[in-house]
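# Architecture and fold: a report
One-letter residues, chain by chain:
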Amino acid sequence: MDKDKNKSTKKSKPLDFERGDRLTKLREKNNLTQIQLYNKIKKFYGEEKKEYEIDPKRKDNGKQTISTAECGGTLSVKNAVAISHIFGVSLDYIYLGVESYKPSYDDIKELTGLNDDALNMLEKLKENDKTFIFVLNNFLGPNLSSYFINLLHSYFDYYNLNAKGKEMTNEYVKYIKSKGAKIKNIDDFSWEFYPKERDYTSLYKISTESNELANKFRKYGDK
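Residues numbered from 1 in each chain as written. Predicted model: local features only at pLDDT ≥ 70, side-chain atom pairs only at ≥ 80, totals over all residues. Heavy atoms only, no water.

### Structural notes on the overall build of the chain
Regarding its fold elements, the chain presents 13 helices and 0 strands. Helices and strands appear in the chain in the N-to-C order α-α-α-α-α-α-α-α-α-α-α-α-α. Pairs at least 24 apart in sequence give 58% of the contacts found in the chain among residues at least 6 apart. With the model as given, the accessible surface of the chain reaches about 16,200 Å², and the carbon-plus-sulfur share is 55%. (Helix = DSSP H or I, 4+ residues; strand = E, 2+ residues; numbered from the N terminus. Contact = heavy atoms within 4.5 Å. Areas by Shrake-Rupley, 256 points an atom, 1.4 Å probe, with all protein chains shown as cover.)

Listed below in structure tokens is the structure:
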């Protein structure tokens, strides 16, 4: 009886109609149905399934998930993160309505692919850090852009190697645990999937390309 009483008196979370309205406007501005937005969220996490598109009457097609969020109900952090990337807005804007989103950014976002947070930061740097903007303009200019982009790719590759090695290690440990093995230190297995030699090679590449970019900047800066 007490358990039933607790269930009936348990307060539900208040609806956030303003957040729901922001989500609806973002979706409609991008000409998406609720099911299409849900599919994009699934695709963002690599979980896209054909049945979401083939049979819109299925209970798990995501329409209810998006509809609930747009009515001010539950919005998981996982879905909010995906939505922020899909529409190029910040989580602050989704949850709090903080105006990192500016309509004046729309054309720039479409042209460059940058999101609201990136454009806000550039706008602040323009006012407060002239040196950074000077350097960035040079890095993106015709003489230095290829070196700068190569360096960014190397950073990204280094991050991916580490992330992939950890993922494979975790999967392997999970498998051998299921077979009854006892694991004291998960790091003992990481070398099998991510040899330190690869780590050193990636860092050396980043160091070399950083020096190359710096030398080119000294030669071509502001030309």
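### Concerning the packing of helix 3 (residues 34–44) against helix 5 (residues 63–70)
Two numbers describe how helix 3 lies on helix 5: the axes approach to 8 Å, and their chain directions differ by 105°. Our classification of the angle between helix 3 and helix 5 gives roughly perpendicular. Mapping the contact onto sequence places Gln 34, Ile 35, Leu 37, Tyr 38 and Ile 41 in helix 3 and Lys 63, Thr 65, Ile 66, Ser 67 and Glu 70 in helix 5. Residues that form the contact of helix 3 with helix 5 fall into these classes: 5 nonpolar, 3 polar and 2 charged. (Axes fitted to C-alpha atoms, helices over the stretch in contact; angles between N-to-C directions. Parallel < 35°, antiparallel > 145°, perpendicular 65-115°, else oblique. Nonpolar A, V, L, I, M, F, W, Y, C, P; charged D, E, K, R; others polar.)

### Let's talk about the nonpolar core
Among the nonpolar cores identified, the biggest contains 16 residues, and Leu 75, Ile 83 and Phe 87 are the most heavily contacted of them. Of all the elements in the fold, those that place two or more residues in this core are helix 2 (17–29), helix 3, helix 5, helix 6 (77–87) and helix 7 (91–96). Here this core gets 4 residues from one element, more than from any other, and that element is helix 6. Once you skip the residues sitting within four places of it in the chain, Leu 75 turns out to touch Arg 19, Leu 23, Ala 69, Ala 80, Ile 83, Ile 94 and Tyr 95. Grouped together as the second largest cluster of nonpolar side chains are 6 residues, Leu 144, Phe 148, Ile 206 and Leu 213 included. (Core = buried A, V, L, I, M, F, W, Y, C linked by side-chain atoms within 4.5 Å. Buried < 20%, exposed > 50% of the residue type's maximum accessible area, 1.4 Å probe, protein only.)

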